[in-house]
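# Commentary on secondary and tertiary structure
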Amino acid sequence: MQFSKSIIVIIAFVLVNGCSNGSDGNTTGTTDEIVQAFSVDCSASAAYAPINKPVGPDNPVAGPVNTTIIFMHWKIGSPQAPELIAMYNALADAGYDVIAPWMPWNTLDWTGDMCGAVNYIQELAAKEAVKGNDVIIAGHGMGATHALIFGVAAAGSEVKGVVAIAPGHFPHLFTDRQAEIATDIADAESLVASGDGDVINSFDTYDVNAPIQISATASNYLSVSYTHLRAHETVR
């Protein structure tokens with residue numbers, strides 16, 4: 001099943017237009033809220049299909065379960081990280097089922113795009129809905145970003161909430177970091193324009209402290225850099 005709704009992500013910024021009063025250096029002015037809406041339609045994209053099956057707690061709930069948590073790991077991470085397994089086990093002890101899929105960004109070889117990830121999570125959520133379970137979409141870092149994207153767009157009534165732990169990876173918004181990957185973005189756009197968007201290349205993306213080099217097709221790289229999101233800006 002592919003997700004058919006457009007994704008709308010609202011980002012709010014506050015700008016202060018100040019002017020000195022000429023005496024003590026204090027500033028006065030007005031505050032405008034600039035709202036940017038980014039939208040993308042994933043209806044034409046195939047769901048990501050990882051090689052490995054999702055992982056879960058070591059001690060799954062033995063009895064009936066009413067709620068399933070689908071958790072997406074961080075960038076260059078694994079759903080099998082010890083601290084995550086401990087979290088799954090604690091959630092299972094509390095009566096939750098946990099599904100922790102392998103996402104396209106789990107290694108330095110990025111094997112999928114944003115819409116593929118969204119549609120994959122939608123497939124997992126739909127399977128839980130068939131069981132009669134409510135679903136919570138959660139994630140950490142890059143996984144949290146995709147949880148937010150999915151959560152805002154999700155139409156299914158089975159999704160009852162989104163948990164975003166330290167959401168990260170917003171290259172289309174972090175203007176102070178965009179220079180680090182500007183050349184790679186331009187190279188990827190050129191490859192797509194020339195018909196080589198599905199050829200695997202090396203590109204820089206950013207991590208917490210410095211850029212990191214990943215291997216991906218130009219199309220996938222641009223997708224998870226969110227350059228395709230269409231911005232609509234209003235001031236209120």
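Residues numbered from 1 in each chain as written. Predicted model: local features only at pLDDT ≥ 70, side-chain atom pairs only at ≥ 80, totals over all residues. Heavy atoms only, no water.

Another point: the pairing of strand S5 (residues 134-140). Across six bridges, strand S3 (residues 67-72) lies against S5 in parallel orientation. Looking at the pairing, Ile69 lines up with Ile136 of S5. Sheet topology places S5 next to strand S6 (residues 159-165); six bridges connect them, and they run parallel. Paired with Ile136 across the strands is Gly161, a residue of S6. (Pairing = 2+ DSSP bridges. Helix = DSSP H or I, 4+ residues; strand = E, 2+ residues; numbered from the N terminus.)

Once that is clear, we can look at the pattern of salt bridges. Evaluation of the coordinates by the stated rule reveals one salt bridge. For Glu128, the salt bridge is made with Lys131, and the minimal N-O distance between the two is 3.1 Å. You can call Glu128 buried: its relative accessible area is 3%. (Salt bridge = Lys/Arg side-chain N within 4 Å of Asp/Glu carboxyl O. Buried < 20%, exposed > 50% of the residue type's maximum accessible area, 1.4 Å probe, protein only.)

On average, residues of the protein carry a pLDDT of 79, and 73% of them reach 70 or more. Predicted confidence is poor over residues 1-29, with pLDDT under 50, and the contacts of this stretch with residues over four places away or in other chains come to 79 contacts. Within the model, pLDDT remains below 50 along residues 230-236, and this stretch shows 22 contacts once partners closer than five positions in the same chain are excluded. (pLDDT = per-residue confidence, 0-100. Contact = heavy atoms within 4.5 Å.)

So, about the packing of aromatic side chains. The full count for this structure, using the stated rule, is three aromatic pairs. Centroid distance Tyr48 to Tyr120: 6.0 Å. Interplanar angle 75°. Geometry classified as edge-to-face. Placement of the pair is Tyr48 in the loop between strand S2 (27-41) and S3 and Tyr120 in helix H2 (residues 114-130), with a sequence separation of 72 residues. Exposure class is identical for Tyr48 and Tyr120. Each is buried. Note on Phe71 and Tyr88: the rings are 6.4 Å apart at their centroids and 65° apart in plane angle, and the pair reads as edge-to-face. Of the two residues, Phe71 sits in strand S3 while Tyr88 sits in helix H1 (residues 82-93), which places them 17 residues apart along the sequence. The exposure class of Tyr88 is buried, given its relative accessible area of 0%. (Phe/Tyr/Trp six-rings, centres within 6.5 Å; stacked < 30°, edge-to-face > 60°.)

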